Amino acid sequence: MGKARILQNKTYLYLTEFFAGMSVMAVELGASRLLAPYFSSSQIVWTIIIGTIMIAMALGNIYGGRAADKNPDPDRLYTRMIVAAVWIAAIPVAGKYVILGISALLIFTVNSNFLILAAFAACMVIFVFPLFLLGTVTPSLVKYTVDSLEDNGKTVGMLNASNTIGSILGTFLPTFVTIPAVGTSVTFLIFAGILLLLAVIYFLSAKGGGKGMALGGGLFLLCCVLGHSGSFAFWETDLAYEGESVYNYLQVKETDRSVVLSTNVLFGVQSILKKDNSMTGMYYDYAMAAPFMAGVHEKDRMDVLVLGMGTGTFAAQCGRFFPQMKIEGVEIDAKITQLAREYFALPADLPVATYDGRAYLRAVDHKYDVIMVDAYQDITIPFQMSSVEFFTLVKNHLKSGGVMVVNMNMRGTKEGNINQYLSDTISQVFGTVYTADVAGSTNRELFASDCADILEVMQDNMALTPDSRLADLMGEVAQGLMPYEPGGYLMTDDRAPVELLGMQVIDELIREEVSYYRGIYNEKGIRGLLEVLG
């Protein structure tokens with residue numbers, strides 16, 4: 001009778017549907033943040049997440065409908081919800097280890113599409129089962145709520161509406177509330193707790209399921225103790241900061257010599273501060289050639305715009321060597337700007353607009369001597385900042401003789417790689433294009449202008465440089481500058497496959513990096529590999 005009474009309360013059943021829909025979307029959003037530090041948050045990864053979740057939900061719908069027809073015992077549904085809740089709560093505890101384990105296995109066994117396959121395998125292992133269980137909720141509840149054929153349309157409509165409204169809130173709450181406030185791990189725990197509470201309310205009302213509630217509750221509490229930490233880089237013990245914003249997973253690491261920011265992809269360096277004010281040894285140094293090409297020592301004032309400010313590495317170097325510079329930055333992630341002020345000594349009076357770079361250019365009419373484009377979204381440039389339309393917009397914001405410098409990461413070697421696409425696209429807009437490969441890295445700097453003699457201007461201004469270190473560095477950059485011969489590749493707002501092109505270069509880099517270890521693995525097996533790594 002207890003079961004019948006609570007199931008006769010359709011409000012409770014609608015709440016079950018509501019929170020099940022909310023939890024599905026919360027897990028989907030959480031999945032993107034769990035995978036982002038390891039595989040990026042690109043559209044490709046999002047496609048994998050959405051696809052695997054839809055597979056899980058479809059299979060759950062099929063199984064749930066058949067199970068409800070065969071044995072319409074609500075105990076089974078709410079037991080499945082307990083299992084789903086415990087599994088979701090365990091994701092912060094075990095998810096990152098599963099991801100690294102799958103990555104370690106695949107990196108030695110696949111030759112292409114590593115990130116795609118690894119992300120897909122991780123999604124299948126971590127997320128499919130609990131979302132399969134949540135997929136059984138709707139057909140099961142239909143079985144319990146439909147009283148007659150006369151009102152079945154209304155009842156099913158109310159259930160679907162409850163699920164949809166819950167899904168809408170489940171989309172917004174993690175993104176704008178829980179993940180920025182308490183992190184991805186606690187977000188998983190919050191929604192797992194909601195599912196567990198729904199099941200507990202049912203079993204308490206039905207006066208049954210004591211063992212299942214006790215076991216589920218105990219495992220949930222254990223997961224809360226072990227999984228509440230938001231650390232993705234669990235092997236790091238000395239991080240100055242680790243947290244999440246609306247856009248990124250963020251990590252600041254400080255040593256005696258430097259402070260480094262990494263975003264989403266754990267092993268990269270997005271910004272750096274050298275405590276002794278020395279050069280960074282990275283692409284930022286090469287980008288310093290752009291002010292020289294624009295005649296920095298011939299002008300009393302030089303206006304510089306940095307699209308993708310990060311923590312202000314390029315701006316800080318420019319400001320240190322060229323006091324006549326007026327620098328503006330654009331950074332879409334306000335949390336990064338906050339970290340820049342706190343950890344990277346970004347001056348409080350240096351203006352940084354929290355804006356998308358392209359939208360900012362559309363909103364202002366100011367012109368600049370130098371515009372640096374360094375707006376990376378994980379492993380690729382955002383597609384809206386890689387098209388001929390975007391670079392035309394940049395050109396329109398340059399003064400006469402102005403120079404655009406673009407940081408191109410992941411230098412590829414195959415025909416039709418992402419940097420070739422970018423360079424050809426830029427060459428459609430600017431009359432003069434030079435590139436320089438950054439020594440010791442996979443970066444390439446591209447310099448573009450409509451001024452044909454930017455190399456001569458650079459040489460003249462190098463001779464006026466009072467700092468010998470900077471003059472020597474610019475000499476090295478000048479020697480590596482190569483005029484770019486454009487081909488026929490073009491990216492437009494309608495077609496800019498930057499993520500697929502980026503994945504191709506990543507596969508190439510991974511193959512190069514692991515070829516030595518793969519040879520040991522193929523020859524001596526896992527034992528030989530462990531001996532070398534140890």
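Look up: the structure comes first, before these words.
Since we're looking at a predicted model, the values are computed, not measured.

Draft legend 1. Fine view of the sheet that holds strand β3 (residues 258-263). Spatially, β1-β2-β3-β4 is the arrangement adopted by the 4 strands of the open sheet, whose pairing is antiparallel. Sheet topology places β1 (239-244) and β4 (271-274) at the edges, where each strand pairs with a single neighbour. Pairs of neighbouring strands in the sheet enclose a mean axial angle of 10°, with direction left out of account. Contacts from helix α14 (residues 334-343) reach β1, β2 (249-254), β3 and β4, with the element oriented near 10° to β2.

Draft legend 2. Region of interest: the nonpolar core. L35, F39, Y78, I99, F127, L131 and L141 are the most contacted members of the largest nonpolar core, which has 64 residues in total. No other element matches the 14 residues that helix α4 (residues 74-107) contributes to this core. Counting residues in each nonpolar core, the second largest holds 48 residues, with Y283, L350, M372 and M462 among its members.

Draft legend 3. Examining a nonpolar patch on the surface more closely. Taken together, the side chains of I165, I168, L169, F172, L173, F176, V177, V246, Y247 and I332 present a nonpolar region at the surface, about 870 Å² in accessible area. Mapping V177 onto the fold places it in helix α8 (residues 152-182).

Draft legend 4. Representation of α14. Listed in full, the buried residues belonging to α14 are I336, T337, L339, A340 and Y343. Buried residues in α14, looked at end-on, bunch into an arc of 160°, giving them a common side. At its buried positions, α14 is contacted by β1, β2, β3, β4 and β7 (352-353). Of the residues flanking the start of α14, the one acting as N-cap is D333, its side-chain oxygen 3.0 Å from the backbone nitrogen of K335. Looking at the residues trailing α14, positive phi occurs at A345, about 55°.

Draft legend 5. Region of the structure containing the packing of helix α18 (residues 454-462) against helix α19 (residues 468-480). Between α18 and α19, the shortest axis-to-axis distance is 10 Å and the interhelical angle comes to 160°. Taken as axis vectors, α18 and α19 run roughly antiparallel relative to one another. The interaxial crossing formed by α18 with α19 has left-handed handedness. Residue-level contacts link M458, Q459 and M462 of α18 to A471, M474, G475, V477 and A478 of α19.

Draft legend 6. Structural view of unusual backbone geometry. Unlike most non-glycine residues, N277 shows phi in positive territory, near 60°. As for its position among the elements, N277 is in the loop between β4 and α11 (283-287). For A345, which is not glycine, the phi torsion reads 55° and is therefore positive. Inspection of the secondary structure assignment puts A345 in the loop between α14 and β7.

Draft legend 7. Up close: the sheet that holds strand β5 (residues 302-307). Pairing is mixed across the open sheet formed by 8 strands, whose spatial order is β7-β6-β5-β8-β9-β11-β10-β12. Each edge of the open sheet carries a strand with a single partner, namely β7 and β12 (482-483). Relative to strand β6 (residues 325-330), β5 runs parallel, the two sharing 6 bridges. Bridge pairing in β6 places V304 opposite I327.

Draft legend 8. Just a negative patch on the surface, in detail. Together, E298, D453, E456 and D460 line one region of the surface with negative charge. Mapped onto the elements, E456 comes out in helix α18. E456 gets classed as partly exposed once you look at its relative accessible area, which sits at 45%.

Draft legend 9. Quick peek at the packing of α8 against helix α9 (residues 184-206). Relative orientation of the contacting elements α8 and α9 amounts to 120°, with a least axis distance of 7 Å. For the pair α8 and α9, the crossing hand works out as right-handed. Along its contact with α8, which presents P174, T178, I179 and V182, the element α9 presents T184, V186, T187, I190 and F191. Among the residues forming the contact of α8 with α9, the class breakdown is 6 nonpolar, 3 polar and no charged.

Draft legend 10. Fine view of the pattern of salt bridges. Applying the stated criterion across every chain yields a total of 11 salt bridges. D303 is paired through a salt bridge with R301; the nearest N and O atoms lie 2.9 Å apart. A single network of salt bridges, built from pairs that share partners, joins K299, R301, D303, D369 and K399.

Draft legend 11. Geometry of the pairing of strand β11 (residues 444-449). Within β11, 6 of the 6 residues are buried, which leaves the element mostly enclosed by the surrounding structure. The alternating pattern of β11 places R444, L446 and A448 on one face and E445, F447 and S449 on the opposite face, and all of these are buried. As paired elements, strand β9 (residues 398-408) and β11 share 5 bridges and run antiparallel to each other. Across the sheet, residue M408 finds its bridge partner in β11, namely R444. With 6 bridges connecting them, strand β10 (residues 432-437) and β11 associate as antiparallel partners. Residue T435 lies in a different strand from β11, and its bridge partner there is L446. Remark: 6 residues form the turn of the hairpin made by β10 and β11, two consecutive strands paired antiparallel; G440 in that turn has positive phi of roughly 75°.

Draft legend 12. Fine view of the state of the cysteines. Throughout the structure, instances matching the rule amount to 0 disulfides. C223 takes part in no disulfide bond, and the closest cysteine sulfur, belonging to C224, lies 7.1 Å away.

Draft legend 13. Representation of the pairing of strand β8 (residues 368-373) in the model. Counting buried positions along β8 gives 6 out of 6 residues, so the element sits mostly inside the fold. Examined bridge by bridge, β5 and β8 share 4 bridges and lie parallel to one another. Across the sheet, residue V304 finds its bridge partner in β8, namely V370. For β8 and β9, the ladder comprises 5 bridges, and the chain directions are parallel. Counted as the bridge partner of V373 is V406 from β9.

Draft legend 14. Representation of the packing of aromatic side chains within the structure. Tallied over the entire structure, the rule returns 15 aromatic pairs. On the basis of an interplanar angle of 75° and a centroid distance of 5.6 Å, the ring pair of F292 and F322 is categorised as edge-to-face. Of the two residues, F292 is situated in helix α12 (residues 289-293) and F322 in the loop between α13 (313-321) and β6; the sequence distance between them amounts to 30 residues. Each of the two residues, F292 as well as F322, counts as buried. Each member of the aromatic cluster is reached from another via a ring pair, and the members are Y12, Y78, Y202 and F203.

Analysis parameters
Throughout, a residue's number is its position along its own chain's written sequence, starting from 1. Predicted model: local features are reported for residues with pLDDT of at least 70 only, side-chain atom pairs are reported and counted for 80 or more only, and whole-chain, interface and lining totals are derived from all residues. Each side-chain value is derived from all of the structure's non-hydrogen atoms; neither hydrogens nor water enter the calculation. Strands qualify as paired when DSSP identifies two bridges or more between them. Strands are runs of DSSP state E lasting at least 2 residues, helices are runs of H or I lasting at least 4, and numbering of each runs from the N terminus. Note on geometry: axes are lines fitted to C-alpha atoms, helical ones only across the stretch in contact, with angles between N-to-C directions running from 0 to 180 degrees. In what follows, residue pairs with any heavy atoms lying within 4.5 Å of each other are defined as contacts. The term nonpolar core refers to a set of buried residues drawn from Ala, Val, Leu, Ile, Met, Phe, Trp, Tyr and Cys, joined through side-chain atoms within 4.5 Å. Burial status follows relative accessibility: with a 1.4 Å probe on protein chains alone, a residue under 20% of its type maximum counts as buried, one over 50% as exposed, and anything between as partly exposed. Each patch groups residues whose relative accessible area exceeds 30% and which form no salt bridge, using 9 Å between like charges and 5 Å between nonpolar side chains of Val, Leu, Ile, Met, Phe, Trp and Tyr. We get accessible surface area from the Shrake-Rupley algorithm with a probe of 1.4 Å; when it comes to residues, only the shown protein chains can shield them. Whenever a carboxyl oxygen of Asp or Glu lies within 4 Å of a side-chain nitrogen of Lys or Arg, that contact is scored as a salt bridge. Here the arc refers to the directions that run from the helix axis out to each C-beta atom. Between N or O atoms, a polar contact is any pair within 3.5 Å; within protein, one atom must be a potential hydrogen donor and the other a potential acceptor, and residues adjacent in sequence are included only when both atoms are from side chains. When describing relative orientation, an angle under 35 degrees is termed roughly parallel and one over 145 degrees roughly antiparallel, while 65 to 115 degrees is termed roughly perpendicular and anything else oblique. Helix crossings get a hand from a simple test, with the near helix turned counterclockwise from the far one by less than a right angle marking a left-handed crossing and a clockwise turn marking a right-handed one. For this count, His and the chain ends are skipped, Lys and Arg are scored as positive, and Asp and Glu as negative. Lys charges are placed at NZ, Arg charges at CZ, Asp charges at CG and Glu charges at CD. Gly counts as polar in this scheme, as do all residues outside two lists: the nonpolar Ala, Val, Leu, Ile, Met, Phe, Trp, Tyr, Cys and Pro, and the charged Asp, Glu, Lys and Arg. The criterion for a disulfide is a pair of cysteine sulfur atoms lying within 2.5 Å. Each Phe, Tyr or Trp ring (for Trp, its six-membered ring) is paired with any other whose centre lies within 6.5 Å, and the angle between the two planes then decides the class: stacked below 30 degrees, edge-to-face above 60, tilted in between.

What is shown is where atoms sit, not what they do.
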